[in-house]
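# Structure assessment
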Amino acid sequence: MANFTEKYGNLAVVLGAQWGDEGKGKLIDILSEEYDTIVRATGGANAGHTIHLPDTENPGQTKKFIFHLIPSGMLHEKTVSVIGNGVVIHFPTLYEELQILEDNQITTKDRLLISDRAHVLFDYHKVVDGMQENTKGEKKVGTTKRGIGPCYTDKIRRNGIRVHDFLDMEVFERKYMANLELFKQMYGDFEYDTETELKFYREKANEIIEMITDGSYYANRALKEGKNVLAEGANGAMLDIDHGTYPFVTSSNPTIGGICTGLGLGATKITNVIGIMKAYVTRVGGGPFPTELLDDLGSQIREAGGEFGSTTGRPRRCGWYDSVVARYSAMVNGLSSINLTKLDVLTGLPTLQIATHYKYRGQTLDSFPASLEWLEEIEVQYIEIPGWTEDISKIRNYEDLPENARAYVEKIEELSEVNVSSIGVGVSREDMIFRD
Ligand code: GDP
Ligand code: IMO
Ligand code: MG
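Residues numbered from 1 in each chain as written. Chains lettered and ligands numbered in written order. Predicted model: local features only at pLDDT ≥ 70, side-chain atom pairs only at ≥ 80, totals over all residues. Heavy atoms only, no water.

## Details of the environment of glycine 226
Mapped onto the secondary structure, glycine 226 falls in the loop between α8 (215–224) and β10 (229–232). On the basis of relative accessible area, glycine 226 is assigned to the exposed category, the value being 59%. (Helix = DSSP H or I, 4+ residues; strand = E, 2+ residues; numbered from the N terminus. Buried < 20%, exposed > 50% of the residue type's maximum accessible area, 1.4 Å probe, protein only.)

## Section: the packing of aromatic side chains
Ring pairs (aromatic) are described by centroid distance and by the angle formed between their planes. Counted under the stated rule, the structure contains 23 aromatic pairs. Measuring from centroid to centroid gives 6.1 Å for phenylalanine 190 and tyrosine 192, while their planes differ by 90 degrees, and the two rings are edge-to-face. Accessibility expressed as a relative area gives 10% for phenylalanine 190, which makes it buried. Take tyrosine 192: its relative accessible area is 17%, and that puts it in the buried class. (Phe/Tyr/Trp six-rings, centres within 6.5 Å; stacked < 30°, edge-to-face > 60°.)

## Some remarks on the site of ligand 2
Lining the immediate environment of ligand 2, one finds 21 residues, of which Asp21, Lys24, His49, Thr144 and Thr250 sit closest. The backbone of glycine 142 places a nitrogen or oxygen atom 3.4 Å from an oxygen atom of ligand 2. Relative to its unbound accessible surface of 550 Å², ligand 2 loses 98% to contact with the protein. Its residues assigned to classes, the shell around ligand 2 shows 8 nonpolar, 10 polar and 3 charged. Two domains share the shell around ligand 2, each providing at least three of its residues, namely domain 1 (7–116 + 214–434) and domain 2 (120–210). (Near = heavy atom within 4 Å. Polar contact = N/O pair within 3.5 Å; in protein donor to acceptor, adjacent residues only side chain to side chain. Areas by Shrake-Rupley, 256 points an atom, 1.4 Å probe, with all protein chains shown as cover. Nonpolar A, V, L, I, M, F, W, Y, C, P; charged D, E, K, R; others polar. Domains from an automatic or database assignment.)

## Description of the coordination of the magnesium ion (ligand 3)
Looking at the magnesium ion (ligand 3), the protein donor atoms are Asp21 (OD) and Gly48 (O), and they sit 2.1 to 2.2 Å from it. Highlighted residues: aspartate 21 in the loop between β1 (11–16) and α2 (24–31) and glycine 48 in the loop between β2 (37–40) and β3 (49–54), separated in sequence by 27 residues. (Donors = N, O, S within 2.8 Å, 3.2 Å for Na, K, Ca; no water.)

## Focus: the nonpolar core
As a rule of thumb, nonpolar side chains are buried together in soluble globular proteins. Within the largest apolar cluster, 57 residues are counted, with the highest numbers of intra-cluster contacts made by Tyr321, Leu340, Leu343, Leu401, Tyr408 and Ile423. With 41 residues, the next largest nonpolar core counts Ile83, Tyr124, Tyr201 and Ala205 among its residues. (Core = buried A, V, L, I, M, F, W, Y, C linked by side-chain atoms within 4.5 Å.)

## As for the sheet that holds β1
Pairing is mixed across the open sheet formed by 10 strands, whose spatial order is β9-β7-β5-β2-β10-β1-β11-β15-β19-β20. At either end of the open sheet lies a strand with only one pairing partner, and these are β9 (212–213) and β20 (432–434). (Pairing = 2+ DSSP bridges.)

## Quick word on the pattern of salt bridges
For the structure on display, the rule yields 22 salt bridges. One salt bridge connects aspartate 21 with arginine 316, and the closest N-O pair in it is separated by 3.0 Å. Taken as a pair, aspartate 21 in the loop between β1 and α2 and arginine 316 in the loop between α10 (296–305) and β13 (317–319) lie far apart in primary sequence, 295 residues in all. The class of aspartate 21 is partly exposed, set by a relative accessible area of 22%. Here arginine 316 falls in the buried class, since its relative accessible area comes to 5%. For glutamate 225, the salt bridge identified is with arginine 221, shortest N-O distance 3.8 Å. Residue arginine 221 is classed as partly exposed on the basis of its relative accessible area of 35%. Each of Asp21, Lys278, Glu307, Arg316 and Lys342 takes part in one network of salt bridges that share partners. (Salt bridge = Lys/Arg side-chain N within 4 Å of Asp/Glu carboxyl O.)

The following block contains the structure:
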């Protein structure tokens, strides 16, 4: 036992602190060795959380799992996972993921619960997502086209369909048809196969009902009973609808407030907030990215880090570590510590840069600016740090890292104003350095 619960307490939160894909899935899988209950708070199948397990049949290789909706603790069979009320659920995707687990001899029975207050995401939300993107032309967000925006819009417009609606299929079907009708009034009479979709839900309703729980009550009771709960965020702080690079954001709050709301867990119960950050920065889709590398170096990092989206396969934009983003994210989330991932990817680069500040019209900015117009004009200030060439992927003790790698990590800590509590040095469950 690595004493994670001693280190991070009985209600730890893992959330994305940059633009998503920081490596949340991997840390959640590692910590789930000690946490009993894993609760996913926000987002939907726009998320893609990757976990690599050592492949027992092929030594030296790993087996890869990508979860979009299922909490990333499911590979540990003693855990129970809950999909919280803040999540928008596309059930066909959820069923595909359950099947992958079953195909790998991982039992899912009685191990996955779903909040009665979570919203159901239908295929028509995806259709509308595509249509909305098309009308935006050059200003398109570059969404994952998983229907996220339209489903959260339904929630806020107060005509969404929630998981408890499965308890009465007549009510469910009435709401479903009314909602689809509304979308057709707004977007034209698009072709849509309601019968196939409804057939799927009629067939699955009883199974879904068995998974329904009051998510907030379940998680709070687990804490009262002395269990250890791990909250899983999705997406990333800079994609937050309030705090991110609006309008190039997702339609929910991946930051800490969204975690509390998305689970019905009180802020005072949280024992630790771990922000996941890559040792560089990536972003998928459109929107500002101050430290983006548009040259060969960007492509080199993309190749070395395998930076292609887990959900859409799109190449991720790559850039230098940005401590302005890190300080902002630490502030907005109240981060307790950073899990710095993919340090191994930077091995071999002769020099590394870290953004220290942004300047706008000659003035150093205090924080990350709200305005996209300002972001277009800012000048990013960097410091340069020498790189290292030694393979660090087998290192498990911080002190064994090359001096320059330690200097890089310590500069990140200093500029981000948060401690780095763990460092990722490879894709596998084992490839993590935990610091005291
Ligand atoms: P998430 O959405 O935050 O869970 O992150 P993704 O799974 O979308 O993307 C992270 C990618 O980086 C995945 O392919 C992981 O297997 C990989 N990864 C995570 N941590 C490390 C690390 O420390 N080193 C390397 N080389 N890859 C990592
Ligand atoms: P995980 O949990 C990276 C990005 C999309 C797009 C914007 C809006 O794997 O870190 P949406 O489909 O949500 O309406 O798209 O947000 N995005 C992500 N990028 N990782 C994610 O999740 C993301 N979820 C959404 O690429 O730019
Ligand atoms: Mg991802």
